[in-house]
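Geometric and topological summary
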Amino acid sequence: MAEENPPPLKHILTCSVCTEIFKDPVSLGCHHSFCSSCLQDFWAQAKNKNCPVCKRKNSKDLEVNFSMKELAESYAGRQRSDPSDEAQAQVVCTQHLKDIKWFCKEEQRAVCHVCEFPHHQGHTLVHLEEPVQELKQQLRPDLRALQARRSRHQELEETYEAMVPHLKEQRVKTERRIRAEFKQLHRFLREEEEARVKALREEEEQKRKRILLERKTLQEQIRSLSEGLSAVEADLQKDGLSFLSASTRSRTSARALLSGSDPQLLPGALLDEAKHLGNLAHRVWEKMGQRTTFSPVILDPNTVSRRLSLSDDLTSVRYGDVTPKVPNNPERFSQYAEVLGSEGFTSGKHCWEVEVGDLPDWRIGVAKESVDRRGERTASPDDGIWCLLHRSGKYIQGTGETLALKRTPERIRVQLDYDGREVSFYDPKDMTLIYTHQHTFTDNIFPYFSVGPAGLAWTRVVSPHALSHVKSYLVLEQQVKPDQRCLSAWCLLTP
């Protein structure tokens, strides 16, 4: 009696439940094996723990059969990289492999002219090279798309790479300022100083880990895209039947890699310097029971344009000749020389005055939080900015209309009535109304500043009764820097 042929390897490594090659195979006492997840799902539906094949009850704990798992993974890997003879036989005639030169468009397969040609009478037969070239042409756009996607991933990865040292620079700079502030306080304030430094470092560590995690994800995606690119490029080097066999798989793999949306740079990745520095001394003294109305306007360094530079205490901004090395984070203005205050408003009345002097080019007002910070736009209400402009000696309101002023004001008062739906600009010397924008606000609204070349700006927040002292202080600052044209601002917070 002839000996029976052993079952093929694929049959041995196939799960009887999902009919796929094993994934994490487990073996029962009856020696039948299944995918671990398939067996658990089967038992959950059957509400018992019997073998799906022989129905024998299982009493042993499930453990992954690592030997069979390794064999299954090895077999699956070979199947992906080297199609079986059986699959190859479905494409071409192995007996006359070298003579395959025709392709049947009706059946979408290669045809052997020796043994199959008579069966394709009436079919459209073309030379094999024609569909090969067509498929290559179809695959090339996917290749270019993969290359473009990898480039976008690499650009983001480079941005994240730049963020890590910038985070450290932010931490060092902010820590230095924190310590400078605390040197002016008494010995018993040391604990508060160290607590704030710790919070700063914890934020840096938290955001650093977040960036590194996102960067690692990008690197994995880049690696996957690179592998896909290599596979497509390798397939494109093939010719004839070899390429025909691989083209469908290549296109499927490329399309899978191209599915989904492009990654976006995470907002909030940089340190919130304004949180650590803003109103620092006031908040510390407030804990000690002392009352004060002083509340300086703090500019947000994460929004400032590369064309501008901020002072260490975040109360001054200047149009700089040297472009600082800062990451292109989503919050930053990249198209125009602009910066926002660090704290916005969602209700109430707020007022601040801006010392403009003879500064030739400036824009002051308010902007919504969702204002476009990257693309082309205007400083107008249509684009979420309500401001007063000064350019070439003319005062212009946000919609482009030139305003006629009786005199040239040295200061401009900006008054936001969020609930009253108004932003007004006044000459504070006699409270002459310059212009009023009317709008129903729904966004978080922030103080907005834009300074042109040769401009240096100070931003100060004082209580109403201290206004005269601030005026003297600002005049002194201008005398110290007589060669600078300056824009000085302070804010009156109304209850």
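What counts and what doesn't
Residues numbered from 1 in each chain as written. Predicted model: local features only at pLDDT ≥ 70, side-chain atom pairs only at ≥ 80, totals over all residues. Heavy atoms only, no water. Phe/Tyr/Trp six-rings, centres within 6.5 Å; stacked < 30°, edge-to-face > 60°. Lys NZ or Arg CZ within 6 Å of the ring centre and 35° of its normal. pLDDT = per-residue confidence, 0-100. Contact = heavy atoms within 4.5 Å. Pairing = 2+ DSSP bridges. Helix = DSSP H or I, 4+ residues; strand = E, 2+ residues; numbered from the N terminus. Polar contact = N/O pair within 3.5 Å; in protein donor to acceptor, adjacent residues only side chain to side chain. Salt bridge = Lys/Arg side-chain N within 4 Å of Asp/Glu carboxyl O. Buried < 20%, exposed > 50% of the residue type's maximum accessible area, 1.4 Å probe, protein only. Core = buried A, V, L, I, M, F, W, Y, C linked by side-chain atoms within 4.5 Å. Axes fitted to C-alpha atoms, helices over the stretch in contact; angles between N-to-C directions.

Another point: the packing of aromatic side chains. Applying the stated criterion across every chain yields a total of four aromatic pairs. Here Lys136 stacks its cationic end above the ring of Phe243, 5.4 Å away from the centre of that ring. Taking the ring centre of Phe333 as reference, the NZ or CZ of Arg373 above it sits at 5.4 Å.

So, about the confidence of the model for the protein chain. Do not read the predicted coordinates in detail wherever pLDDT is low. Averaged over every residue, the pLDDT of the protein chain is 79; the share at 70 or more is 80%. Below pLDDT 50 for its whole length, residues 83-92 participates in eight contacts with residues either more than four positions away or in separate chains. Here residues 291-295 is modelled with pLDDT under 50, and outside its nearest four sequence neighbours on either side it reaches nine contacts, counting other chains as well.

Let us look at the sheet that holds strand 8 (residues 338-340). Reading across the sheet, the six strands line up as 8-17-10-11-12-13 and stay open at both edges, with antiparallel pairing between neighbours. This sheet does not close on itself; its edge strands, each paired only once, are strand 8 and strand 13 (402-403). Where strand 8 and strand 17 (residues 445-451) come together, three bridges link them in antiparallel fashion. Residue pairing in the sheet places Val339 in a bridge with Phe449 of strand 17.

With that settled, the discussion passes to the side chain of Asn329. Note on placement: Asn329 falls in the loop between strand 7 (316-319) and strand 8. Side chain to side chain, Asn329 and Glu331 meet in a polar contact 2.7 Å long.

Tallied over the full model, the rule gives 25 salt bridges. Lys173 is the partner of Glu273 in a salt bridge, and the nearest nitrogen-oxygen pair spans 3.8 Å. Here Glu273 is found in helix 8 (residues 273-277), whereas its partner Lys173 is found in helix 5 (residues 129-182), with 100 residues between them in sequence. A relative accessible area of 3% places Glu273 in the buried class. The partner of Arg179 in a salt bridge is Glu175, with the nearest N and O atoms 3.4 Å apart. Within this pair, Arg179 and its partner Glu175 are both found in helix 5, separated by four residues, close to a single helical turn. Among the residues examined, Glu175 registers a relative accessible area of 11% and is labelled buried.

A word on the pairing of strand 16 (residues 432-438). Inspection of the sheet shows strand 15 (residues 422-427) paired to strand 16 by six bridges, in the antiparallel sense. The residue bridging Val423 from the neighbouring strand is His437, located in strand 16.

So, on to the environment of Ser226. Note on placement: Ser226 falls in helix 6 (residues 190-236). On the accessibility criterion, Ser226 (21% relative accessible area) is partly exposed. A C-alpha to C-alpha distance of 7.4 Å links Ser226 and Arg150, two positions 76 residues apart in sequence.

Most often, soluble globular proteins keep nonpolar side chains buried together rather than apart. One finds Trp362, Ile412 and Val423 to be the most contacted residues of the largest nonpolar core, which totals 29 residues. Among the elements of the structure, strand 9 (349-355), strand 10 (362-368), strand 11 (385-391), strand 14 (411-417), strand 15 and strand 17 are those that each provide at least two residues to this core. Once you skip the residues sitting within four places of it in the chain, Ile412 turns out to touch Trp352, Glu353, Val354, Val356, Trp362, Ile364, Leu388, Phe425, Tyr426, Pro428 and Ile434. Counting 23 residues, the second-largest nonpolar core is a separate cluster that includes Leu200, Leu277, Leu280 and Ile298.

To continue, consider the side chain of Ser424. For Ser424, the location among the structural elements is in strand 15. According to the relative accessible area criterion, Ser424 is buried, its value standing at 4%. Within the structure, the side chain of Ser424 is placed 3.0 Å from the side chain of Thr436, a separation counted as a polar contact. In this structure Ser424 touches Arg413, Val414, Gln415, Leu433, Tyr435 and Thr436, once residues within four positions along its chain are discounted.

A separate point is the pairing of strand 9. For strand 9, the buried fraction is high: six of the seven residues fall into the buried class. Bridge count between strand 9 and strand 14: seven bridges; the pairing is antiparallel. Bridge pairing links Glu355 to Arg411 in strand 14.

It is worth spelling out unusual backbone geometry at this point. Positioned with a positive phi, Ser392 is a non-glycine residue whose angle comes to about 55 degrees. Here Ser392 lies in the loop between strand 11 and strand 12 (394-397). In the Ramachandran plot, Met431 falls in the positive-phi region, its phi being about 55 degrees despite a non-glycine side chain. Here Met431 lies in the loop between strand 15 and strand 16.

Right, let's get into helix 9 (residues 280-287). Residues of helix 9 that are buried include every one of Leu280, His282, Val284 and Trp285, and no others. Looking at the buried positions of helix 9, the neighbouring elements they touch are helix 5, helix 6 and helix 8.

Turning to the sheet that holds strand 4 (residues 109-111), a few remarks are in order. Read across the open sheet, the three strands follow the order 4-3-5; overall the sheet is antiparallel. A single partner strand is all that each edge strand has here, and the edge strands are strand 4 and strand 5 (125-127). For this sheet, the mean inter-axis angle between neighbouring strands, taken without regard to orientation, is 45 degrees. As defined by bridge partners, strand 3 (residues 102-104) adjoins strand 4 across three bridges and the pair is classed as antiparallel. Opposite Cys104, over in strand 4, you have Arg109 as the bridge partner.

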